Amino acid sequence: MKLIQLYTNSFKGLSQESWMLALVMLINRAGSMVLPFLGVYMTAHLKFSIENTGIVLSFFGIGSVIGSWLGGFITDRIGEYKVQYLSLLLSVPLFCLIPLFKTEIGVAAIILIQSIVSDSFRPANSVAITKYAKPENITRAFSLNRMAVNLGFSIGPALGGILSAISYEFLFYSNAFAALSAGILYIIFFRKRNKLAKLKARKVSEVIEIKKENSPYRDGKFLIYCFLCMLFSICFFQLFSTLTIFYKDTAHLSQQKIGYLLGYSGFIVVLLEMGLVQVAEKYLNLARTMFLGTFICGLSYAMLGFDYSLITLVFSMTLLSVGEIWALPFMSTITALRSGKNNKGAYMGLNGISFSIAFIVTPYLGTLIAEKLGFTMLWIGTGIIATAIAVAFYFVVPWMIKDREDILD
């Protein structure tokens, strides 16, 4: 009964806007079947080499870097409302165009453009979460949003594995339909709320002089933190590139089983995230939470270097899901705590860039190491590096926000 009460309490106090942002994200991500299968699509369907596939996937990361910077820059100027709905609606035709490109250059180009447009959504969405959440509920609001992402991610890949066995084009068209649906719902719900929020902000600005705040690009402590986030992301985001290739080529899983395993990951996060976040907020501080989350993610990859039976693959995915619960939402919370009132978009954008750089590095570096040294060395090396990052987080996080010790203790 205590566990049930803890779980239900984790949802209390969240605003209607937080729930709607999560619903929009759920619809959008339910169609996100493309990314986990891009590597398989290019190697199995377009017959690209593993090395060229890694290079092409890196263009997704390049676009993500540009999109994160652009989204943060524009959000601080025109507001998160316009950036989000424009990103969602412009993504629709771009997803439909991807199947028309068959060469490495063509696929890289369209993925680059699509990634720029789609990833401009992320910093704007993060600003919206902080905007509509109560200060004491910021981490849980981010967690609710991530829970929606993972619920969609549990649906998308599972369905994607089935659809890709019939036709890969279904993946891209489904993604387009989901983005369109999410965009329409977002506009309907937030159009009036955005106008009211702008009027309220204008009245406040007439009474209170707005203080000019520093750029995150000149914040040395935050830059170090973002560098660690980037290193963590390089390790973690193998989930979307190298890991699926490993499942198919080394573990010899079918596309359907790969989809089910990825869907299982999303299901675990949906089931446990709010409760585990509540536990972390109650019994751990930010530094310990980041240490545990990062270390567990590294452990989940390292064990694949010793065995890849189905039971090991499931256990590894379970650990990876728990690790990300205690890492990713708290990264956003730490970023929100470090930022000011008028530069949240820039801070969220810079932190988003650290993740986006990982999308550039991870596919190429992961596939290169796998091809030259083998997957065993890749997974064990990932575990060692993640452990070092976990230790660094433990010391850097309190150093960066030492003026917020009330949050840490």
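The name an unreviewed UniProt entry assigns to the protein is MFS transporter, from the organism Chryseobacterium zhengzhouense. Regarding the protein, the UniProt comment filed under Subcellular location (unreviewed entry) reads as follows: "Cell membrane".

> Please explain the overall build of the protein as it appears in this structure.
From N to C terminus, the protein includes 18 helices and zero strands. Here the protein holds 409 residues, and the buried ones make up 56% of them. Considering only residue pairs separated by 6 or more positions, the protein has 87% of its internal contacts joining residues 24 or more positions apart. By element, 69% of the accessible surface of the protein is carried by carbon and sulfur atoms, the whole surface being about 17,700 Å².

> Which parts of the structure should I look at to understand unusual backbone geometry?
Backbone phi values are negative for most residues with the exception of glycine, while trans is the configuration of most peptide bonds. Here Lys47, not a glycine, exhibits a phi torsion of approximately 65°, which is positive. Residue position: Lys47 is located in the loop between helix 3 (34-45) and helix 4 (50-78).

> Just to check I follow, could you spell out helix 12 (residues 255-283) for this structure?
Think of an α-helix as 3.6 residues a turn; residues three or four steps apart then line up on the same face. Between its terminal C-alpha atoms helix 12 stretches 40 Å, which fits the 42 Å expected from 29 residues at 1.5 Å a residue. Of all the bends in helix 12, the greatest, near 50°, is centred on Leu272.

> How should the nonpolar core be read in this particular structure?
For soluble globular proteins, nonpolar side chains are generally found buried alongside one another. Counting residues in each nonpolar core, the largest one holds 86 residues, and the members touching the most others are Met331 and Phe393. For this core, the element with the highest residue contribution is helix 10 (residues 220-236), accounting for ten residues. Ignoring sequence-local partners within four residues, the contact set of Met331 consists of Tyr225, Cys229, Phe232, Met290, Asn351, Phe355 and Phe393.

> How do you make sense of the environment of Val92 when you look at a structure like this?
Note that Val92 resides in helix 5 (residues 80-97). For the pair Val92 and Ser174, spaced 82 residues apart in the sequence, the C-alpha separation amounts to 9.7 Å. What Val92 contacts, discounting residues up to four positions off in sequence, is Ala176, Ala179 and Leu180.

> I'm lost on a nonpolar patch on the surface in this one. Help?
A cluster of nonpolar side chains, namely Leu89, Leu180, Ile184 and Ile188, defines an oily patch on the protein surface of about 340 Å² accessible area. Take the nonpolar patch: its biggest share by element is three residues, from helix 9 (residues 169-207). By secondary structure assignment, the location of Ile184 is in helix 9.

> Looking at this structure, how should I read the confidence of the model for the protein?
Where the model shows low pLDDT, its predicted coordinates should not be examined in detail. Averaged over every residue, the pLDDT of the protein is 83; residues scoring 70 or more account for 87%. At the low end of the mean pLDDT range in the protein sits helix 18 (residues 405-408), at 42; at the high end sits helix 13 (residues 286-302), at 96. Predicted confidence is poor over residues 204-211, with pLDDT under 50, and the contacts of this stretch with residues over four places away or in other chains come to three contacts. Low confidence marks residues 403-409, where pLDDT is under 50. Its contacts with residues over four positions away, or in another chain, come to nine contacts.

The rules behind each value
- Residues numbered from 1 in each chain as written.
- Predicted model: local features only at pLDDT ≥ 70, side-chain atom pairs only at ≥ 80, totals over all residues.
- Heavy atoms only, no water.
- UniProt positions renumbered as here; feature names shortened; annotations may be inferred.
- Helix = DSSP H or I, 4+ residues; strand = E, 2+ residues; numbered from the N terminus.
- Buried < 20%, exposed > 50% of the residue type's maximum accessible area, 1.4 Å probe, protein only.
- Contact = heavy atoms within 4.5 Å.
- Areas by Shrake-Rupley, 256 points an atom, 1.4 Å probe, with all protein chains shown as cover.
- Expected span 1.5 Å × (residues − 1).
- Bend = angle between axes of the 7 residues up to and from the residue.
- Core = buried A, V, L, I, M, F, W, Y, C linked by side-chain atoms within 4.5 Å.
- Patch = residues over 30% accessible without salt bridge, like charges linked within 9 Å, V, L, I, M, F, W, Y side chains within 5 Å.
- Salt bridge = Lys/Arg side-chain N within 4 Å of Asp/Glu carboxyl O.
- pLDDT = per-residue confidence, 0-100.

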